[in-house]
Amino acid sequence: MKLVKVGPTKALLGWPLYSTWNGLVYASTGQGWLARIKTFLGFLPLLFITAMVWTILWAMVVWPLARITL
């Protein structure tokens, strides 16, 4: 596994997916299962916060557009 470089298009369409993938790649560098699990669990708050920000930004764009077309 290797890190995925996230450009504007990838960030716009799938930030949580790429962020999770990069977190798994980062966690896989640890020595032993316990270290990998601890690393990924430490990454979860960052993943949660960035996914929520991404969701809010999507809602701010998609919701008004959906209201206009309906």
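The structure under discussion appears in the preceding block.
This text gives an overview of the structure that appears in the document. Computed from a prediction, not measured in an experiment: that's the story for all the values here.

## Thoughts on the packing of aromatic side chains
In total, this model carries two aromatic pairs according to the counting rule given. Directly above the ring of Trp 33 sits Arg 36, whose terminal nitrogen or CZ lies 5.4 Å from the centroid.

## So, the environment of Phe 40
Mapped onto the secondary structure, Phe 40 falls in helix 2 (residues 33–69). For the pair Phe 40 and Thr 9, spaced 31 residues apart in the sequence, the C-alpha separation amounts to 25 Å.

## Topic: helix 1 (residues 8–27)
The first and last C-alpha atoms of helix 1 sit only 24 Å apart over 20 residues, clearly below the 28 Å expected at 1.5 Å per residue. The principal kink in helix 1, of about 105°, is found at Gly 14, preceding the proline Pro 16 by one to four residues. Within helix 1 the residues assigned to the buried category are Gly 14, Ser 19, Asn 22, Gly 23, Val 25 and Ala 27.

## Brief notes about the side chain of Ser 19
Tracing the backbone shows Ser 19 in helix 1. Taking relative accessible area as the criterion, Ser 19 reaches 11% and is therefore assigned buried. Apart from residues no more than four positions distant in its own chain, Ser 19 is found in contact with Phe 43, Leu 47 and Thr 50.

Parameters and conventions
Residues numbered from 1 in each chain as written. Predicted model: local features only at pLDDT ≥ 70, side-chain atom pairs only at ≥ 80, totals over all residues. Heavy atoms only, no water. Phe/Tyr/Trp six-rings, centres within 6.5 Å; stacked < 30°, edge-to-face > 60°. Lys NZ or Arg CZ within 6 Å of the ring centre and 35° of its normal. Helix = DSSP H or I, 4+ residues; strand = E, 2+ residues; numbered from the N terminus. Expected span 1.5 Å × (residues − 1). Bend = angle between axes of the 7 residues up to and from the residue. Buried < 20%, exposed > 50% of the residue type's maximum accessible area, 1.4 Å probe, protein only. Contact = heavy atoms within 4.5 Å.

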